[in-house]
Every structure is written in structure tokens, then in C-alpha cells.
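A closer look at the structure
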Amino acid sequence: MRLAFKRIALIAVVLLIAFGIWFTYSSGYRLSSSEAAMAHFDVGKSATEFGEVNLQWGKVYLFNTSKGPRTVLATKEGFLWQAPVTVYFSQSSDNVKTVGWMSYNGKQGHAMVFAVETSDPAVSYIQVGPATDRIKKEITVKEPVVFSWNKEIDINNLNPVALSKDGKVLYEYRYPKDTTTITSEDLKWYPVSGSK
């Protein structure tokens with residue numbers, strides 16, 4: 001009888017451990033940050049990574065998916081990683097487009113990530129950031145460029161512009177001018193000459 005009880009107790013412990021592992025895995029927890037990011041329901045296994053930002057307390061991954069670009073935050077919980085936040089952009093055929101963005105302010109820390117891609121060969125640089133922390137990077141056609149800060153920055157303070165080789169502003173990231181009705185899709189890159 002004592003042996004039967006030990007057997008039942010062992011089976012119960014094994015089942016509890018198996019259930020715990022299954023529950024943790026199905027909740028999106030993984031052993032690495034990249035696995036956790038790929039496991040997010042809005043990313044999918046066929047996604048391709050085009051950027052990564054390392055933070056002291058986590059990582060931000062930028063993916064191309066069949067549904068458009070995704071920005072995913074992966075954070076560490078104990079010895080496991082999870083991806084609690086994702087931001088998406090619709091696919092666009094604009095000459096300059098935002099392909100990644102995340103402004104995060106959480107218990108782990110703060111972060112701002114902004115990624116841009118261009119198909120306009122006249123664009124040589126992208127400049128982004130508040131006046132006191134502005135970053136300028138060179139950009140080439142069809143190659144995303146990623147900006148990051150270890151602090152939260154409001155999107156209205158980024159003031160992104162696309163510049164020509166000689167420093168002329170060609171595009172601005174903003175809402176359309178002279179309108180009283182806007183949607184989130186209206187926040188995009190507009191040409192400076194002949195702009196709306």
C-alpha cells in the first residue's frame with residue numbers, strides 16, 4: 001500500500017511539472033529573448049529579423065512579417081524571457097516609411113526605438129530625436145536604419161526628417177497640415193515640397 005501511494009505521488013508530481021512546463025511555454029515564455037519575440041502571436045515563425053536593440057533590462061526586435069513590420073519588446077522574468085509588447089505598422093509603398101517604433105515606460109526601464117526605410121535614392125540621412133538628444137544616421141535604399149534611446153520619448157518630440165546629401169530636408173514625419181480630421185495612419189513621412 002505504501003508503494004502504491006509513492007507511485008501515485010510520483011505520477012502526480014510528474015504531471016504537475018509537465019503541466020507547469022506546458023503552461024509556461026504556451027504563455028510565451030522561452031529560454032532566450034529571440035525565441036520569446038518570435039513566439040509572440042503577432043509575429044509568427046516565418047518572420048525575418050531586420051534589427052535588434054540591446055537594453056540593460058531587455059531587447060527590442062524588429063521583424064518583417066507577412067502582415068507588415070513588427071517591433072517586439074522581450075523582457076526577462078527570472079531565468080525566462082517573455083514578449084509582452086508588440087507594435088505594428090501597415091505595409092506601405094511610401095518613398096520613406098517608418099518600419100519600427102516603440103516608446104516604453106515600464107517597471108524594468110525605459111526605451112524609445114524608431115526605425116526608417118527609404119526607396120528614394122535622394123535621401124542620404126535620417127535625423128531624429130528631441131533637440132537635446134538628436135541623432136543623425138546615414139541611410140541607403142531598402143536598408144532600414146534603427147535609432148534608440150534608453151529613455152521614453154514622446155512621438156511628438158522626435159521631429160524626424162529625411163535629408164539629402166547636402167543637408168536639405170526632403171521629408172518630414174508628421175500629421176497632414178491644414179486638416180481637422182486625422183487618423184493614426186495619417187502620421188507618416190510627407191515630402192517637404194508639394195506637401196499636404
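Residues numbered from 1 in each chain as written. Predicted model: local features only at pLDDT ≥ 70, side-chain atom pairs only at ≥ 80, totals over all residues. Heavy atoms only, no water.

What follows deals with the sheet that holds strand E8 (residues 135-138). Strand order in the open sheet made by the five strands is E8-E7-E10-E11-E12, with antiparallel pairing throughout. The outermost strands of the open sheet, each flanked by one partner alone, are E8 and strand E12 (188-191). Ignoring strand direction, the axes of neighbouring strands in this sheet form an average angle of 25°. Here strand E11 (residues 169-174) runs beside E12; their pairing, made up of four bridges, is antiparallel. Its bridge partner being in E12, Arg174 is matched across the sheet by Lys188. (Pairing = 2+ DSSP bridges. Helix = DSSP H or I, 4+ residues; strand = E, 2+ residues; numbered from the N terminus. Axes fitted to C-alpha atoms, helices over the stretch in contact; angles between N-to-C directions.)

Turning our attention to the packing of aromatic side chains. The final tally for this structure, using the stated rule, is five aromatic pairs. A centroid spacing of 6.5 Å and a plane angle of 15° characterise the contact between Phe147 and Trp149, whose relative ring orientation is stacked. Given a relative accessible area of 4%, Trp149 falls into the buried group. Taking 5.4 Å as the distance between ring centres and 45° as the angle between the ring planes, the aromatic pair formed by Tyr173 and Trp189 counts as tilted. (Phe/Tyr/Trp six-rings, centres within 6.5 Å; stacked < 30°, edge-to-face > 60°. Buried < 20%, exposed > 50% of the residue type's maximum accessible area, 1.4 Å probe, protein only.)

Further remarks concern the layout of surface pockets. For the largest pocket, the calculated volume is near 470 Å³. Taken together, 19 residues make up the lining of the largest pocket; nearest its centre are Phe89, Ser90, Ser184, Glu185 and Leu187. Looking at the lining of the largest pocket, the elements that each hand over two or more residues are strand E4 (80-88), strand E5 (96-105) and E12. The element contributing the most residues to the lining of the largest pocket is E5, with four residues. Of the residues contributing to the lining of the largest pocket, the split by class is 10 nonpolar, five polar and four charged. Estimates place the volume of the second largest pocket at around 160 Å³. If you trace the second largest pocket, you find it lined by Ile155, Asn156, Asn159, Pro160, Val161, Tyr173, Arg174, Tyr175 and Leu187. By residue class, the composition of the lining of the second largest pocket is six nonpolar, two polar and one charged. (1 Å grid on protein atoms, 1.4 Å probe; cavity = no way out; pocket = protein on both sides within 12 Å on 5 of 7 lines; lining within 4 Å. Points joined across faces, edges and corners; volume = space filled by probe spheres on them. Nonpolar A, V, L, I, M, F, W, Y, C, P; charged D, E, K, R; others polar.)

Shape is all these values report; function is a separate question.
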